[in-house]
Amino acid sequence: MKATIISIIIALALIGGVVVLGGNNRQNNGNNISANNVSIVGGKQIIEIRAKGGYSPRKSVAKAGIPTIIRFDAGGAFDCSSFVRIPSMNIGQNLSQSSTTDIDLGSPKEGILNGTCAMGMYPFEIEFQN
């Protein structure tokens, strides 16, 4: 009986830890939108995206009409997310394993920019708003 109660307590603690830790990456009703990954430095908008087992955040919101760079951090990624594709801009690029990789987007117009990994398994999206 004691062993069963201890097992249940441990299971609940593990499940609670997964819910708490897993929930930290999700904002805005589970759409995984993060306002913290977009900044303006020296007149350029920088969108930071982590590439490892997919892209995080999956959706970013940025300002249209500003010179923009996507800064990918793929440190330790050895899956298909270490190669990024942005078909509408004819971009295909291997990401650095030892540092960040910047991709210059120019000054995007209002709209949605879609990207994916090499195999098309992991999508990401940047919504440019006025």
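Provided above is the structure to which this section pertains.
In what follows, the accompanying structure is described. Throughout, residues of each chain are indexed from 1 in the direction in which the sequence is written. Whole-chain, interface and lining totals are the exception, using all residues; otherwise, since this is a predicted model, local features are given only for residues with pLDDT of at least 70 and side-chain atom pairs are given and counted only at 80 or more. As a rule here, side-chain values cover all heavy atoms of the structure and leave hydrogens and water aside.

Brief notes about the sheet that holds strand S7 (residues 91-94)
Okay, step 1: Strand order in this open sheet of five strands is S4-S10-S9-S6-S7, and the pairing throughout is mixed. Looking at strand neighbours, the two that pair on one side only are strand S4 (59-63) and S7, the edges of this open sheet. Recorded for the sheet is a direction-independent mean angle of 20° between the axes of neighbouring strands.
Okay, step 2: Pairing between two strands is assigned when DSSP locates at least 2 bridges connecting them. Numbered from the N terminus, helices here are DSSP runs of H or I no shorter than four residues, and strands are runs of E no shorter than two. Inspection of the sheet shows S4 paired to strand S10 (residues 123-129) by five bridges, in the parallel sense. Residue pairing for S10: Lys59 is matched across the bridge by Glu125. Lines fitted to C-alpha atoms define the axes, with helix axes restricted to the stretch in contact, and inter-axis angles between N-to-C directions lie between 0 and 180 degrees.

A few points about the packing of aromatic side chains
Two aromatic rings are characterised by how far apart their centres lie and by the angle between their planes.
Okay, step 1: In this analysis, rings of Phe, Tyr and Trp, with Trp reduced to its six-membered ring, are considered paired at centre separations within 6.5 Å, and the interplanar angle assigns stacked below 30 degrees, edge-to-face beyond 60, and tilted for intermediate values. Under the counting rule described, the total for this entry stands at three aromatic pairs.
Okay, step 2: Centre to centre, the rings of Phe72 and Phe124 are 5.7 Å apart; their planes meet at 70°, and the pair counts as edge-to-face. With Phe72 in strand S5 (residues 68-73) and Phe124 in strand S10, the pair connects residues that are 52 residues apart, well separated along the chain.
Okay, step 3: Every member of this aromatic cluster is reached through a ring pair, and the members are Tyr55, Phe72 and Phe124.

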